[in-house]
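What follows is the residue order along each chain.
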Number of protein chains: 2
Amino acid sequence: MNLLIAHGGGPTAVINASLAGVVRRARQEKEIGRVLAARHGIEGVLKEDLIDLTGLNEAELEKLSATPGSAIGSCRYKMRAEDHETAVRVLDRNNIGIFLYNGGNDSMDTCVQVAALTDRTRVIGIPKTIDNDLVRTDHCPGFGSAARYYAITALELCLDVAALNIHVVILEVMGRNAGWTATATGLAQRIGSIGPEIILLPEKPFEEEAFLDRVRDLWTRQRGFVVAVSEGLAGMDGNPLVSAVDRSGADAFGHALPGNVSHYLAQLITSRLGYRARSEKPGLVGRVSAACVSPIDRKEAYGVGVYAVSSALHGASGSMVSIRRISSLPYASEFELVPLSEVANLERKMPDEYYNAESGKPTSGFVDYCMPLIGGDLPDYLILDR
Amino acid sequence: MNLLIAHGGGPTAVINASLAGVVRRARQEKEIGRVLAARHGIEGVLKEDLIDLTGLNEAELEKLSATPGSAIGSCRYKMRAEDHETAVRVLDRNNIGIFLYNGGNDSMDTCVQVAALTDRTRVIGIPKTIDNDLVRTDHCPGFGSAARYYAITALELCLDVAALNIHVVILEVMGRNAGWTATATGLAQRIGSIGPEIILLPEKPFEEEAFLDRVRDLWTRQRGFVVAVSEGLAGMDGNPLVSAVDRSGADAFGHALPGNVSHYLAQLITSRLGYRARSEKPGLVGRVSAACVSPIDRKEAYGVGVYAVSSALHGASGSMVSIRRISSLPYASEFELVPLSEVANLERKMPDEYYNAESGKPTSGFVDYCMPLIGGDLPDYLILDR
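J.: I'm lost on the interface of chain A and chain B in this one. Help?
T.: Where interface size is given, it is often the accessible area lost as the parts come together that is meant. Each side of the interface is counted separately: chain A has 57 residues, and chain B has 57 residues. Mapped by element, the contributors of at least two residues to the side of chain A that touches chain B are helix 3 (58–65), helix 6 (143–163), helix 10 (261–273), strand 9 (277–280) and helix 11 (285–288) of chain A. Among the elements that make up the side of chain A that touches chain B, the one with the highest residue count is helix 6 of chain A (7 residues). Here the side of chain A that touches chain B is built from residues that sort into 28 nonpolar, 15 polar and 14 charged.

Structure follows, in structure tokens:
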């Protein structure tokens with residue numbers, strides 16, 4: 001039998017590490033003939049656009065582990081009932097005994113559908129999302145690196161603004177509906193360095209007047225400072241504050257496409273308060289920056305790939321690999337399986353106890369949760385007494 | 001006598017390395033009593049807001065070298081004739097025998113003014129700007145790291161878009177009037193990897209219809225791709241394409257403040273062609289990202305600080321430290337002095353021969369010039385044959 005893997009949803013800085021784990025583990029097994037990958041996710045499966053990774057050498061696998069983005073492509077296609085026949089035909093024709101799909105909650109929906117189609121193929125989901133919003137897992141591969149990226153980026157922006165404090169700087173953070181990545185911008189401050197004065201989460205409706213009051217107060221006291229805002233920030237009506245740049249307004253899963261909320265807030269501050277304001281929106285850079293990869297995240301991403309293959313070889317199917325935290329200090333985790341049906345299409349918001357609504361900053365509970373995932377440290381910069 | 005240093009203009013990822021070089025070199029010299037820094041540039045001088053760095057220990061100097069932003073602050077204040085008396089009084093009262101000002105072409109204007117005020121203080125300019133637009137030097141400390149940041153960021157964004165090729169991605173690049181940093185986004189592609197399909201420079205007036213034709217053609221052939229654009233992109237009338245978010249519209253030196261040209265172009269593509277488009281604007285992140293610092297850049301930034309002190313001790317004044325390239329392969333450079341009056345307020349645009357107007361990409365001349373400055377290499381990612 002052969003193994004087939006595909007990637008769904010947004011790439012991350014470490015999804016290729018999972019792929020490297022899959023390839024390396026699968027090749028150790030005589031039972032598995034070829035290691036195939038579908039180009040661009042389930043769309044590649046349906047088009048039978050497959051690529052053979054069996055022959056990757058060790059040097060290439062090492063390089064793959066360190067390459068951000070998805071080396072085999074990805075997609076945002078939502079599988080439909082009329083695709084099922086094609087899918088089964090492709091799986092059978094290529095003698096796919098193991099099908100692995102790496103992605104977030106939408107991709108796990110694809111997994112559930114494929115698992116229901118045939119008994120001849122074992123189906124395992126591999127978790128991945130910088131949003132960290134999959135249920136039934138302590139955290140998701142990809143999140144630790146994105147959180148590290150945003151924690152460092154926020155810290156460095158604060159250094160820049162402290163040096164030349166002539167503007168309010170709005171930092172836009174990826175993460176559609178859950179505030180995990182936005183809250184990570186406050187990590188440096190929580191461990192004794194500096195950070196954003198305000199963090200706006202998608203879970204907390206935006207109160208415009210209260211926000212402007214706080215900006216006015218901060219500007220009066222210190223002038224320049226940083227505001228971190230989730231791209232999915234919603235108004236009091238629960239709808240995202242900005243509409244999409246894209247005119248279609250929503251992707252195939254019905255999610256609104258975030259526009260440019262940082263630009264919106266900078267303009268709001270400038271027009272209402274007259275202060276100089278600017279927006280910084282690293283956007284996709286936040287999910288593909290290899291320089292900020294968390295070593296723990298890369299290791300676990302590799303591990304979930306290995307574990308997915310091992311589980312399928314032991315007969316498992318219809319499950320997703322999950323990460324269980326054993327301890328935070330020292331950090332230790334193990335992998336286990338959870339039913340795909342309990343994961344697909346569900347979103348895990350960030351718990352209230354990780355965010356102090358009063359101060360608008362992470363709590364010590366969040367620091368304990370998140371610091372190990374970003375690698376346990378942040379750059380130790382010299383901050384002179386100003 | 002004492003030494004006084006101050007920073008002007010935008011911080012960089014390595015300006016503190018120059019500061020560390022100054023402090024370490026100055027402390028070796030019995031002739032120099034205290035090493036003072038003015039908080040927030042010439043404004044700090046005029047307010048006599050000084051901080052004593054003489055006591056920084058070796059560990060702190062090491063940390064300072066690796067800290068992005070400006071540890072002593074900076075400003076965009078343009079010195080005026082009515083400030084001269086105050087400046088002389090502060091220099092005299094603090095027995096400043098050596099005054100060093102680290103900055104770009106505006107800061108060198110401040111240097112020229114201070115140098116003309118008194119014979120009792122030797123004045124040396126230390127070059128710094130990510131824009132790389134100072135004349136009379138091969139390049140400017142700060143540029144190598146910013147160029148490395150944009151080269152890597154563009155490469156990684158291209159990996160992301162190749163994986164999930166559902167949109168045109170506009171990457172906005174800092175650099176007010178000169179295209180050095182924007183052109184650096186094409187470095188990876190020039191050395192055999194992937195890169196932006198279009199690079200828009202501030203030196204080349206934006207031709208809207210030609211741009212849209214090119215976008216349409218690329219989308220038809222390959223769908224998703226990356227466009228890099230300088231924040232200072234100008235229209236056919238020579239004026240910046242977008243006005244500032246900031247209402248005042250210009251800073252104290254009369255430069256227009258760039259707005260959000262990437263957002264503008266994404267909206268243009270969406271509204272005119274109906275394609276999905278999004279903007280990524282790392283903004284200030286591009287000049288303070290320590291993870292992408294070029295080792296050569298940091299070393300030279302440290303070196304110009306040391307050289308400034310040595311030159312002043314040898315009696316020089318009214319000069320800026322300049323970097324002269326001795327060879328590109330292997331890379332070697334040396335420092336020398338150039339008259340401040342030949343540097344102040346002048347801008348060095350990027351030469352035409354570094355940019356291929358036909359392909360919209362860097363030439364091999366640019367690669368030879370720029371690669372050593374970013375450290376000689378770029379990440380070697382695995383790109384599967386797609």
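J.: Would you mind going over the sheet that holds strand 2 (residues 35–38) of chain A with me for this structure?
T.: The pairing of strands in a sheet happens through backbone hydrogen bonds and is either parallel or antiparallel. Residue and element names in this part refer to chain A. Within the open sheet, the 7 strands sit side by side as 3-2-1-4-5-10-11. Their pairing is mixed. Every interior strand has two partners, whereas the edge strands, strand 3 (50–52) and strand 11 (331–339), have only one. Between one strand axis and the next, the sheet turns by 30° as a mean value, whatever way the strands run. Against the sheet, helix 1 (residues 15–27) touches strand 1 (2–7), strand 2, strand 4 (96–103) and strand 5 (122–127), its axis set at about 180° to strand 1.

J.: Explain the relation of the copies chain A and chain B to me, please; I cannot follow it from the model alone.
T.: Superposition of the two copies of the chain requires a rotation about an axis and a shift along the axis. When chain A is brought onto chain B, the operation consists of a screw motion whose angular component is 180° and whose axial shift is 0.0 Å, with 0.0 Å RMSD remaining. Between the two chains, the operation in question is that of a two-fold axis. Comparing interface residues between copies, 100% of those in chain A also lie at the interface in chain B; the contact surface is shared.

J.: I tried to follow the sheet that holds strand 8 (residues 225–230) of chain B on my own but got confused; where do I start?
T.: All names here are of chain B. Read from one edge of the open sheet, 4 strands run 7-8-6-9, paired in parallel fashion. At either margin of the open sheet sits one strand with a lone partner, and together these are strand 7 (198–200) and strand 9 (277–280). The mean inter-strand angle of the sheet, taken between neighbouring strand axes irrespective of direction, is 20°. Relative to strand 8, strand 6 (residues 168–173) runs parallel, the two being bridged by 6 bridges. Within strand 8, the residue paired with Val 169 across the bridge is Val 226. The strands touched by helix 10 (residues 261–273) within the sheet are strand 6, strand 8 and strand 9, with strand 9 carrying the most contacts at an inclination of about 175°.

J.: For this particular structure, what's the right way to read the pairing of strand 10 (residues 319–328) of chain A?
T.: Side chains on a regular strand alternate between the two faces of the sheet. Residue and element names in this part refer to chain A. Pairing analysis gives 2 bridges linking strand 5 to strand 10, with the strands arranged parallel. By the bridge assignment, Ile 124 is partnered in strand 10 with Ser 319. Inspection of the sheet shows strand 10 paired to strand 11 by 9 bridges, in the antiparallel sense. Among the inter-strand pairings, Ser 327 is bridged to a residue of strand 11, identified as Ala 332. Counted between consecutive antiparallel strands, the loop separating strand 10 from strand 11 contains 2 residues.

J.: How should I be thinking about the packing of helix 1 (residues 15–27) of chain B against helix 3 (residues 58–65) of chain B in this particular structure?
T.: For any two helices packed against each other, one specifies the crossing angle of their axes together with the interaxial distance. Residues and elements named next belong to chain B. Two elements in contact, helix 1 and helix 3, have axes separated by 7 Å at closest approach and are oriented at 150°. Considering the angle they form, helix 1 stands roughly antiparallel to helix 3. Between helix 1 and helix 3, the contacting residues are Asn 16, Ala 17, Leu 19, Ala 20, Val 23 and Arg 24 on the first element and Leu 61, Leu 64 and Ser 65 on the second. For the contact of helix 1 with helix 3, the per-class residue count stands at 6 nonpolar, 2 polar and 1 charged.

J.: I tried to follow the domain arrangement of chain A on my own but got confused; where do I start?
T.: Residues and elements named next belong to chain A. Entries for chain A in the domain assignment read domain 1 (2–142 + 291–342) and domain 2 (144–289 + 350–374). Between the C-alpha centres of domain 1 and domain 2 there is a distance of 31 Å. Across the boundary between the two partners, domain 1 contributes 25 residues, which contact 23 residues of domain 2. Considering only residue class, the side of domain 1 that touches domain 2 consists of 11 nonpolar, 8 polar and 6 charged.

J.: Help me out: how do you make sense of the confidence of the model for chain A in this one?
T.: Detailed reading of the predicted coordinates is not advisable wherever pLDDT is low. Residue and element names in this part refer to chain A. Taken over all residues, the pLDDT of chain A has a mean of 94, while the share at 70 or more is 96%. Per-residue pLDDT stays below 50 along residues 244–251; that stretch engages in 26 contacts with residues further than four places along the chain or on separate chains. Reported for the predicted complex are a pTM of 0.96 and an ipTM of 0.96.

J.: Would you take a moment to explain unusual backbone geometry for this structure?
T.: Negative phi characterises most residues that are not glycine, and trans characterises most peptide bonds. Residue and element names in this part refer to chain A. Omega for the bond connecting Leu 329 with Pro 330 falls within 30 degrees of zero, at 0°, which places this linkage in the cis form. The backbone phi angle of His 40 is positive, close to 60°, even though this residue is not glycine. Tracing the backbone shows His 40 in the loop between strand 2 and helix 2 (41–46). Given 24 C-beta atoms within 10 Å, His 40 falls into the buried group.

Conventions used here
Residues numbered from 1 in each chain as written. Chains lettered and ligands numbered in written order. Predicted model: local features only at pLDDT ≥ 70, side-chain atom pairs only at ≥ 80, totals over all residues. Contact = placed C-beta atoms within 7 Å. Helix = DSSP H or I, 4+ residues; strand = E, 2+ residues; numbered from the N terminus. Nonpolar A, V, L, I, M, F, W, Y, C, P; charged D, E, K, R; others polar. Pairing = 2+ DSSP bridges. Axes fitted to C-alpha atoms, helices over the stretch in contact; angles between N-to-C directions. Least-squares fit on C-alpha atoms with pLDDT ≥ 70 in both. Parallel < 35°, antiparallel > 145°, perpendicular 65-115°, else oblique. Domains from an automatic or database assignment. pLDDT = per-residue confidence, 0-100. Buried ≥ 20, exposed ≤ 12 C-beta atoms within 10 Å, placed from the backbone.

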